[in-house]
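Next come the chains, spelled out residue by residue.
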Amino acid sequence: MSSPVSYALHDTVGVITIDNPPVNALSQAVRAGIVDALEQAASDSSEAVVIACAGRTFIAGADITEFGRPPQEPFLPFLLDQLEQHPKLTVAAIHGTALGGGLETALACNYRMALSSAKVGLPEVKLGLLPGAGGTQRLPRVAGAQAAITMIGSGDPVSASKALAWSVIDRVVNDDLLTEAISWAKELVASGAPQRKACDETFTLSDDDRQLIETTRQALNKKTRGEFAPQRALDCIVAAAELDFKAGLKRERELFIECMSNPQAAAMQHMFFAEREAAKVDGLDRNTPKVTIQKVGIIGAGTMGGGIAMCFAQAGMHVTLLDRDEDAVAQGIARIEKNYAISVKRGRLTDDQVSAIMGNITPATDYQALADADLVIEAVFENLAIKQDVFRTLDGICKDGAILATNTSYQDVNAIAAVTQRPEWVLGMHFFSPANVMRLLEVVRGEKSNDTVIATAMAVAKTIGKTPVLAGVCYGFIGNRMLQPYFRETSLCLIEGATPAQIDGAMERWGMAMGPLAVGDLAGLDIGYKAREQLSDAEKGNPASYLVADRLVEAGRLGQKSGAGYYRYDPETRARLDDPDVMAIVEATSAELGITRRAISDEEIVDRLTLALANEGARILEEGIAQRASDIDVVYIYGYGFPRFKGGPMHNAEARGIAEVVARINEFAETLSAENWQPSQLLLDLAASGGKLRDVKAH
Ligand code: T1G
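Residues numbered from 1 in each chain as written. Predicted model: local features only at pLDDT ≥ 70, side-chain atom pairs only at ≥ 80, totals over all residues. Heavy atoms only, no water.

(A) Layout of the packing of helix 5 (residues 145–154) against helix 9 (residues 229–242). At their nearest, the axes of helix 5 and helix 9 sit 9 Å apart, and the two run at 155° to each other. Accordingly, the angle class assigned to the pair helix 5 and helix 9 is roughly antiparallel. The two elements helix 5 and helix 9 meet at a crossing, and its hand is right-handed. For the pair formed by helix 5 and helix 9, the contact residues are Ala 148, Ile 149, Ile 152 and Gly 153 on the first element and Ala 233, Leu 234 and Ile 237 on the second. Tallied by class, residues from the contact of helix 5 with helix 9 come to six nonpolar, one polar and no charged. (Axes fitted to C-alpha atoms, helices over the stretch in contact; angles between N-to-C directions. Helix = DSSP H or I, 4+ residues; strand = E, 2+ residues; numbered from the N terminus. Parallel < 35°, antiparallel > 145°, perpendicular 65-115°, else oblique. Left-handed = near helix turned anticlockwise from the far one by under 90°. Contact = heavy atoms within 4.5 Å. Nonpolar A, V, L, I, M, F, W, Y, C, P; charged D, E, K, R; others polar.)

Written out as structure tokens, the structure is:
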């Protein structure tokens, strides 16, 4: 097989070209090819060497698909040492994104040139790692402490202009990158420019720099709470100031290996691929025709409808926001303007940008305004009959080929489609509140939804910056269906002996962004209350799983919106405060149900809640509601605040061991409730066969 690396002399300049689609990752073949090309350049007539890439981007990093397998020579640190010590003057020619090992390769060159549209970064912490090929030692020496701390700690890329200002790169051009890089290399040689080597530079940390490291550590303790790698990455920068280059590289390697062997790295690398896999629909031809979405109709100008309208307006599409009367629509528009005012105040958007976005939104009260919409999304009250009326009306007005979507959280998409003459053009697009912020979008495929509708919804989701996950039709689809046993176990832990603070504290210390009871207070306890009112006692299940919630609502404690729910909320700071009145209700309910309260450990709380998710997720997978286990992980990380460094509920169970998970579920079946803790057949099968959730394909 031909090498993905070629070498050719362009007059007096040797050009190494890497061509390893899709992102020129530093696979073993690429590393070997560069070593060979460098050897060739060392002995030929070249006076300088340019490293460039074919395709859409410069090297985007190490090849993540090689992680978890025995590393193969030549190792990247060896290659970069060869590059840095090369006898000829070297120039990196950067376009697209030079990330991770890609930027580390450029830092091992003497000089760096980039297209003005390029970005550079060291995103390793987002994979549970740190720059492991000299990035933490070279970048501080090249760009200084402030740039290095910012780039390495955050993992975020910076623009070419910012990189130029920080001396990460030396020259920016607008086009003709390779031609410009070759002529610049000649110019450097002709002018006797030195072969600058990062390893020869000294690096020290001033008091201000050390202060910045401390404030960054504190900020990262909040932003990446529970993650192992970011703090280690900062340790490497400190090492760069305290050790010589060689010892610093050694320290970096030690800490890199510590990160790589931490389960968080496997979890975060799993999520990297899971997010990309989720956008793919098994069995759907990649060339399926899609509807071009330019005009979007949103029905319902409430919180959800307004948030959804923002998503599409921000993407430059024209939005008609419809509600029953002028006042309702005006309130919706006002709510959107208030949201944008906050964005302007925080410097996220300018007034002009907001004006342009708002210019994309047209209020309406007459359904005729939706006649030429390409996509209509219904976001009215969560009631099947009301939604069916909306779709009957749409069916008589919207043009042929318009896609009709419901934003329902629970209602049967098939029952909604069935009231139209065009069920093939109906699907669910389930946004998560706040819709303009949460990245998850469940694309719910009805039994008659056609391929174009699904392909279009998956594509338009990415256009508006969402992460789409395909779901089949069942009560609650993927995420909310799993939430049922999650909150059931939460309520039972409470009634059996735990306190709200203990339950939420245990889950937040474990890694959840917010504990379940605090989530309930945030969403509003009255939502569940109203949903339960529509159910029979049999459908409600064990009273122990909802009586406390009902009693809180009946006592006027609706959650944050009423200043109190499972907690009291400080009116100024909105901090959540334990409330003895709540425990009085809990203890009285325990007694009424004949439950003797007991001490419940944090470990039991975490196991009951996380395994309730995994067990229901396995059922969702075996029923074909989700395409793959990793899709379920994407749902929980992007829609429910599950910690990314745990990789999602299914990866978390897999990492723990399916056999152990089944044993723990069986223990709960014996000690808690056989009805609630029936292991899913899929988990039983995998435990018996040693199979993996990640290999399960929905039939
Ligand atoms: N390795 C292997 N495959 C990769 C890859 C990588 N580094 N980056 C992307 N892909 C695949 C991806 O899975 C997808 O595959 C296809 O390329 C297109 O990606 C030693 C240890 C570069 C900004 O973290 O951020 O270097 O789904 O859909 O939206 O210190 O990919 O088509 O089969 O994302 O245009 C550090 C990760 C690695 C960069 C392009 N580097 N990649 O975005 O396309 S660790 C990264 C990205 C490291 C060193 C350390 C993005 C992108 P498929 P895509 P995109």
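(B) Focus on the pattern of salt bridges. In this structure the tally under the stated criterion is 48 salt bridges. Residues Arg 608 and Glu 496 are paired through a salt bridge, measuring 3.0 Å at the closest nitrogen-oxygen approach. You can see Arg 608 sitting in helix 25 (residues 602–622) and its partner Glu 496 sitting in helix 18 (residues 479–496), a full 112 residues away along the chain. For the pair Arg 608 and Glu 496, a shared accessibility class is recorded, and that class is buried. Here Asp 607 makes a salt bridge to Arg 664, at a shortest N to O gap of 2.7 Å. Within this pair, whereas Asp 607 is found in helix 25, its partner Arg 664 is found in helix 28 (residues 658–671), the two being separated by 57 residues in sequence. This pair shows no difference in class: Asp 607 is buried, exactly as Arg 664 is. Beyond isolated ion pairs, a larger network of salt bridges with shared partners links Arg 488, Glu 489, Glu 496, Arg 598, Glu 604 and Arg 608. (Salt bridge = Lys/Arg side-chain N within 4 Å of Asp/Glu carboxyl O. Buried < 20%, exposed > 50% of the residue type's maximum accessible area, 1.4 Å probe, protein only.)

(C) Quick peek at the domain arrangement of the protein. According to the domain assignment, the protein contains domain 1 (5–261), domain 2 (295–471), domain 3 (479–592) and domain 4 (602–695). For domain 1 versus domain 2, the separation of C-alpha centres amounts to 43 Å. (Domains from an automatic or database assignment.)

(D) Focus on the site of the ligand. In the vicinity of the ligand there are 27 residues, among which Arg 56, Ala 62, Glu 104, Glu 124 and Arg 276 approach most closely. At 2.6 Å from an oxygen atom of the ligand is found a side-chain nitrogen or oxygen belonging to Arg 56. One nitrogen or oxygen atom from the main chain of Ile 64 is found 3.0 Å from a nitrogen atom belonging to the ligand. In isolation the ligand exposes 990 Å². Once the protein is present, 73% of that is buried. The greatest single-element share of the shell around the ligand, amounting to three residues, is contributed by helix 11 (residues 263–278). (Near = heavy atom within 4 Å. Polar contact = N/O pair within 3.5 Å; in protein donor to acceptor, adjacent residues only side chain to side chain. Areas by Shrake-Rupley, 256 points an atom, 1.4 Å probe, with all protein chains shown as cover.)

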